[in-house]
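Read off the chains here:
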Amino acid sequence: MTDDAYLFLLDDASAPLGVAPAAVDDLACMETPAVRAWLDAHGSTPTSPYLRLLPPEETAAIPEGAERLPVPLSDEELSRVRHLMAPEPFAQVEEELLAYRDCADGRDGLIARALAVGVPPHRIVELTGVDPATVTAAADR
């Protein structure tokens, strides 16, 4: 696994891989000279339907031979990318986990639901700010 997210170009714009950077508001990396030069070198634009972005834990899914560029993302940007990649039930629970930061009522039930739909424990910790032991304890119940 790498620590960088990756921009990459797909041959088929209909492939359901990654997220379009244009769908993720205000990505600082898209304004860097390195990204602009890479896009220019490949005859692409930030809004191209062939341009995609994957978080570090998903970069092994980039097709072999695809043009790619590592890009650093802030924690907040990375969270937005991950959220856009999540399937609907998963995304709904992630929204609730983010909202949980402001309210502890029903914590264990929400964590159990998140685990049941497949949200990884490390992601629950990231979204809620709870201690990893709390997530583990909820998983054991």
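Please refer to the structure placed before this passage.
A. Region of the structure containing the nonpolar core. Within the largest apolar cluster, 18 residues are counted, with the highest numbers of intra-cluster contacts made by Leu7, Met30, Leu53, Val71 and Leu73. Leu73 has contacts with Ala5, Leu27, Cys29, Leu53, Leu78 and Val81, leaving out every residue within four places of it along the chain. Among the nonpolar cores identified, the runner-up in size contains 13 residues, and Phe90, Val93, Leu110 and Ile111 belong to it.

B. Region of interest: the side chain of Arg82. Along the polypeptide, Arg82 turns up in helix α2 (residues 75–85). For Arg82, the side chain forms a polar contact with the side chain of Glu126, separated by 2.9 Å.

C. Focus on the pattern of salt bridges. Evaluation of the coordinates by the stated rule reveals 4 salt bridges. Arg82 is the salt-bridge partner of Glu57, the closest N and O atoms lying 2.8 Å from each other. With Glu57 in the loop between β2 (51–54) and β3 (68–71) and Arg82 in helix α2, the pair connects residues that are 25 residues apart, well separated along the chain. A residue is classified by how much of its surface remains accessible, and Arg82, at 15% relative accessible area, is buried. Salt-bridge contacts for Glu126 lead to Arg123; the nearest nitrogen and oxygen are separated by 2.4 Å. Here Glu126 pairs with Arg123, and both are found in helix α5 (residues 121–128), just 3 residues apart, close to one helical turn. We classify Glu126 as partly exposed; its relative accessible area is 30%.

D. Geometry of α5. Within the span of α5, buried status applies to Arg123, Ile124, Leu127 and Thr128. One side of α5 carries all its buried residues, which in axial view fall inside an arc of 115°. A positive backbone phi angle near 80° is found at Gly129, which sits one or two residues after α5.

E. Molecular detail of helix α1 (residues 33–41). Of the positions making up α1, those classed as buried are Val35, Trp38 and Leu39. Each buried residue of α1 sits inside an arc of 100° when the element is viewed along its axis, so together they form one side. Away from its buried face, by an angle of more than 90 degrees, α1 presents the exposed residues Pro33, Asp40 and Ala41. In the core, the buried residues of α1 are packed alongside β1 (5–9), β2 and β3.

F. Highlighting the packing of α2 against α5. Where α2 contacts α5, the axes come no closer than 12 Å and their chain directions differ by 125°. As the angle between them shows, α2 and α5 are arranged oblique. In this structure, α2 crosses over α5, and the sense of that crossing is left-handed. Contacts between α2 and α5 involve Ser79, Arg82 and His83 from the former and Arg123, Glu126 and Leu127 from the latter. Residues belonging to the contact of α2 with α5 are distributed by class as follows: 1 nonpolar, 2 polar and 3 charged.

Thresholds, definitions, all that
Residues numbered from 1 in each chain as written. Predicted model: local features only at pLDDT ≥ 70, side-chain atom pairs only at ≥ 80, totals over all residues. Heavy atoms only, no water. Core = buried A, V, L, I, M, F, W, Y, C linked by side-chain atoms within 4.5 Å. Buried < 20%, exposed > 50% of the residue type's maximum accessible area, 1.4 Å probe, protein only. Contact = heavy atoms within 4.5 Å. Helix = DSSP H or I, 4+ residues; strand = E, 2+ residues; numbered from the N terminus. Polar contact = N/O pair within 3.5 Å; in protein donor to acceptor, adjacent residues only side chain to side chain. Salt bridge = Lys/Arg side-chain N within 4 Å of Asp/Glu carboxyl O. Arc of directions from axis to C-beta. Axes fitted to C-alpha atoms, helices over the stretch in contact; angles between N-to-C directions. Parallel < 35°, antiparallel > 145°, perpendicular 65-115°, else oblique. Left-handed = near helix turned anticlockwise from the far one by under 90°. Nonpolar A, V, L, I, M, F, W, Y, C, P; charged D, E, K, R; others polar.

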